[in-house]
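# Residue-level structural notes
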Amino acid sequence: MANETTLTLVGNLTADPELRFTPAGAALCKFSVASTPRTYDKATNQWKDGEPLFMNCSAWRDLAENIAESLVRGSRVVVTGRLKLNRWTTPEGENRQAFQLDVEDIGASLRYATAQVKKMSRANGASGGGAPAASGEPDPWANGTGGFGGSEEPPF
């Protein structure tokens, strides 16, 4: 959709991701990311923490399952998604609102850690949208050639 506010946030998970399933069977993962800006104070020669930002996030389907399987409380992540404002009225009649990030992509930050990435089979998930396995076409990434037809080198 046009004119959506996209946001990339770097921070730490405040708790283990919560994985749920809708009655139709779609996976939904909810989690929160805390991001605290740091600035260096030359007068005191120390780092100072700014006001933390806590962002509620949600992801769906294969991405939701991958997040729940891969990340834990404290994991440093880079999250990209669409910023959404939710509004509701409490049972007491008070109007409330909160921002939420609808996650499009997420990855572990490698600034202070290492990671072992395991590619998911397209037939078992991580389809990324149009899965070749569903269309009957062969998966160019499945043969270990990086999709370059027998060569590890890109064609450019």
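Up top is the structure these notes are about.
Here the structure is a predicted model, which means the values were calculated and not measured.

## What to know about the overall build of the protein chain
Counting secondary structure elements, the protein chain contains 2 helices and 8 strands. For the protein chain, the sequential pattern of α-helices and β-strands runs β-β-β-β-β-β-α-β-β-α. Contacts spanning at least 24 positions in sequence make up 54% of the contacts within the protein chain whose residues lie at least 6 apart. For the protein chain, the accessible area works out to roughly 11,300 Å², and carbon and sulfur atoms hold 50% of it.

## Some remarks on the pattern of salt bridges
Under the counting rule described, the total for this entry stands at 7 salt bridges. The residue Arg-82 makes a salt bridge to Glu-4 at a minimum N-O spacing of 3.5 Å. Of this pair, Arg-82 sits in strand 7 (residues 76–89) while Glu-4 sits in the segment before strand 1 (6–13), placing them 78 residues apart in sequence. You can call Arg-82 partly exposed: its relative accessible area is 28%. With a closest N to O distance of 3.5 Å, Lys-48 and Asp-41 form a salt bridge. The class for Lys-48 is partly exposed, based on a relative accessible area of 39%.

## So, the pairing of strand 6 (residues 53–60)
The two faces of the sheet receive side chains in turn, since in a regular strand these alternate between them. Judged from the 8 bridges that link them, strand 3 (residues 27–35) and strand 6 form a sheet pairing that is antiparallel. Residue pairing for strand 6: Ser-32 is matched across the bridge by Asn-56. As judged from the 3 bridges shared by strand 6 and strand 8 (residues 95–108), these two strands associate in the parallel manner. Bridged to Cys-57 within strand 8 is Leu-101.

## Structural notes on the side chain of Ser-32
Within the secondary structure, Ser-32 is located in strand 3. Residue classification places Ser-32 among the buried residues on the basis of a relative accessible area of 14%. Dropping the residues within four chain positions of it, Ser-32 is found in contact with Asn-12, Leu-13, Thr-14, Phe-54, Met-55 and Asn-56.

## Brief notes about the pairing of strand 3
Counting buried positions along strand 3 yields 8 of 9 residues, so the element is predominantly enclosed. Judged from the 2 bridges that link them, strand 1 and strand 3 form a sheet pairing that is antiparallel. Opposite Asn-12, over in strand 3, you have Ala-34 as the bridge partner. Pairing geometry for strand 2 (residues 18–21) and strand 3, over 4 bridges, is antiparallel. Bridge assignment links Arg-20 to a residue of strand 3, and that residue is Leu-28. Taken together, strand 2 and the strand that follows it, strand 3, pair antiparallel across an intervening segment of 5 residues, in which Gly-25 is found at a positive phi of about 100°.

## Here we look at the nonpolar core
Proteins that are soluble and globular tend to have nonpolar side chains buried together. If you look at the biggest cluster of nonpolar residues, it comprises 17 residues, and the most contacted ones within it are Phe-31, Val-33 and Ile-106. Elements with a contribution of two residues or more to this core: strand 1, strand 3, strand 6, helix 1 (61–70), strand 7 and strand 8. Filtering out sequence-adjacent residues up to four positions away, Val-33 remains in contact with Leu-9, Gly-11, Asn-12, Leu-13, Thr-14, Leu-53, Phe-54, Met-55, Cys-57, Val-77 and Val-79.

Criteria and cut-off values
Residues numbered from 1 in each chain as written. Predicted model: local features only at pLDDT ≥ 70, side-chain atom pairs only at ≥ 80, totals over all residues. Heavy atoms only, no water. Helix = DSSP H or I, 4+ residues; strand = E, 2+ residues; numbered from the N terminus. Contact = heavy atoms within 4.5 Å. Areas by Shrake-Rupley, 256 points an atom, 1.4 Å probe, with all protein chains shown as cover. Salt bridge = Lys/Arg side-chain N within 4 Å of Asp/Glu carboxyl O. Buried < 20%, exposed > 50% of the residue type's maximum accessible area, 1.4 Å probe, protein only. Pairing = 2+ DSSP bridges. Core = buried A, V, L, I, M, F, W, Y, C linked by side-chain atoms within 4.5 Å.

None of the figures reported here should be taken as evidence of function without further support.
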